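# Residue-level structure breakdown
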Protein chains: 2
Amino acid sequence: MTPDQRLVATAVAAWKLNIERAEKLFFALDDTQLDAAIAPGKNRLIYLLGHLVAVHDGMRPLLFIGERLHPELEAPFLIGADRAVTEIPSATALKAMWREVNDGLLAAFAKFTPDDWASRHNAVPEADFAANPLRNRLAILLSRTTHIGYHLGQAQLAPR
Amino acid sequence: MTPDQRLVATAVAAWKLNIERAEKLFFALDDTQLDAAIAPGKNRLIYLLGHLVAVHDGMRPLLFIGERLHPELEAPFLIGADRAVTEIPSATALKAMWREVNDGLLAAFAKFTPDDWASRHNAVPEADFAANPLRNRLAILLSRTTHIGYHLGQAQLAPR
């Protein structure tokens, strides 16, 4: 393993660890438990689960992996706040999408080279990237890893 | 900037962004506001502030930067849960330590080479590191970055 391969493998391992932590928390809960709010008047656990799937699905176009697999998650889990959209997928369906989306990302990451990670992501124009080469694909991976932690910290507060 | 320098610069930028987010949240609150719990019966904001300073101070020995600057924070903010230790530093004192510790880390990071980041951290023995080279200093930086996010997500829930 070259030094730069080791660096990106470390970042992918950190991502994977947080995916596993979230999976452990959400998958242990049934539909009733997932319907609980993390604190009075705050988001429900099922919203956080759907939100994470929707955000991770959005990493596919951002990292040039492909189109979103589930664009129908954008309205209830990205654009709208919790409870703004009343018809949402079931917990069982969201858990299946979680596996599909996150397994797909990991399979794609396994083929990324260090140069791929250091390259422009899809939301930054070429000219802007030339001016700021830190707006790369690794930055997306790190930001989305911290984003899992952000909502895991909240999910951990929910009464069981 | 070489590709591996770009990768580690991206990770340091992600750390810095989360430090700034936390600083923006905590520094805007006065002593009374920091005394609020994030949710009924949960940690107070001042505990999260002290906890983050204590964890970041612990990165100094872990990353071979130096000894802890404030070992006195371990008892109230690392070993004990919130309210287990009744005498804790004031919010003003914790904010000053926040600056001291985090500015010191950033100054140290500025001197780290990609090879430094890919090297063993201080809590993993040489033999274990040979078997698992992902237990490196970058892994600590990424884990502590996600840790800020974890508690920021919680802090964001506190009533203002």
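Residues numbered from 1 in each chain as written. Chains lettered and ligands numbered in written order. Predicted model: local features only at pLDDT ≥ 70, side-chain atom pairs only at ≥ 80, totals over all residues. Heavy atoms only, no water.

Let's shift gears to the nonpolar core. Judged by nonpolar contacts, the single largest core of 90 residues is most densely connected at Phe26(A) and Phe26(B). Those residues within four positions of Phe26(A) in sequence are excluded, and the remaining contacts are Leu34(A), Leu45(A), Leu48(A), Leu49(A), Leu52(A), Lys95(A) and Ala155(A). (Core = buried A, V, L, I, M, F, W, Y, C linked by side-chain atoms within 4.5 Å. Buried < 20%, exposed > 50% of the residue type's maximum accessible area, 1.4 Å probe, protein only. Contact = heavy atoms within 4.5 Å.)

Chain A puts 36 residues into the contact, and the matching count from chain B is 35 residues. Around 2800 Å² of area is buried between chain A and chain B when both sides are counted, 75% of it from carbon and sulfur atoms. The largest share of the area that chain A buries against chain B comes from Arg6(A), Leu7(A) and Leu157(A), three residues that together contribute 23% of it. Here chain A is connected to chain B by zero salt bridges. If you look at where chain A meets chain B, you find eight residue pairs in polar contact (both at pLDDT 80 or more). Among the secondary structure elements, those contributing two or more residues to the side of chain A that touches chain B are helix H1 (3-27), helix H7 (114-117) and helix H9 (137-155) of chain A. For the side of chain A that touches chain B, the per-class residue count stands at 23 nonpolar, nine polar and four charged. (Buried area = accessible area lost by both parts, 1.4 Å probe. Salt bridge = Lys/Arg side-chain N within 4 Å of Asp/Glu carboxyl O. Polar contact = N/O pair within 3.5 Å; in protein donor to acceptor, adjacent residues only side chain to side chain. Helix = DSSP H or I, 4+ residues; strand = E, 2+ residues; numbered from the N terminus. Nonpolar A, V, L, I, M, F, W, Y, C, P; charged D, E, K, R; others polar.)

Between chain A and chain B, the superposition needs a rotation of 180° and an axial shift of 0.0 Å, giving an RMSD of 0.0 Å. Both copies of the chain, as the preceding transformation shows, are related through a two-fold rotation axis. When the interface residues of chain A are mapped onto chain B, 97% of them are again interface residues, pointing to one common binding face. (Least-squares fit on C-alpha atoms with pLDDT ≥ 70 in both.)

Attention now goes to the confidence of the model for chain A. Mean pLDDT over chain A works out to 96, with 100% of the residues at or above the 70 mark. Reported confidence for the predicted complex is 0.97 by ipTM and 0.97 by pTM. (pLDDT = per-residue confidence, 0-100.)

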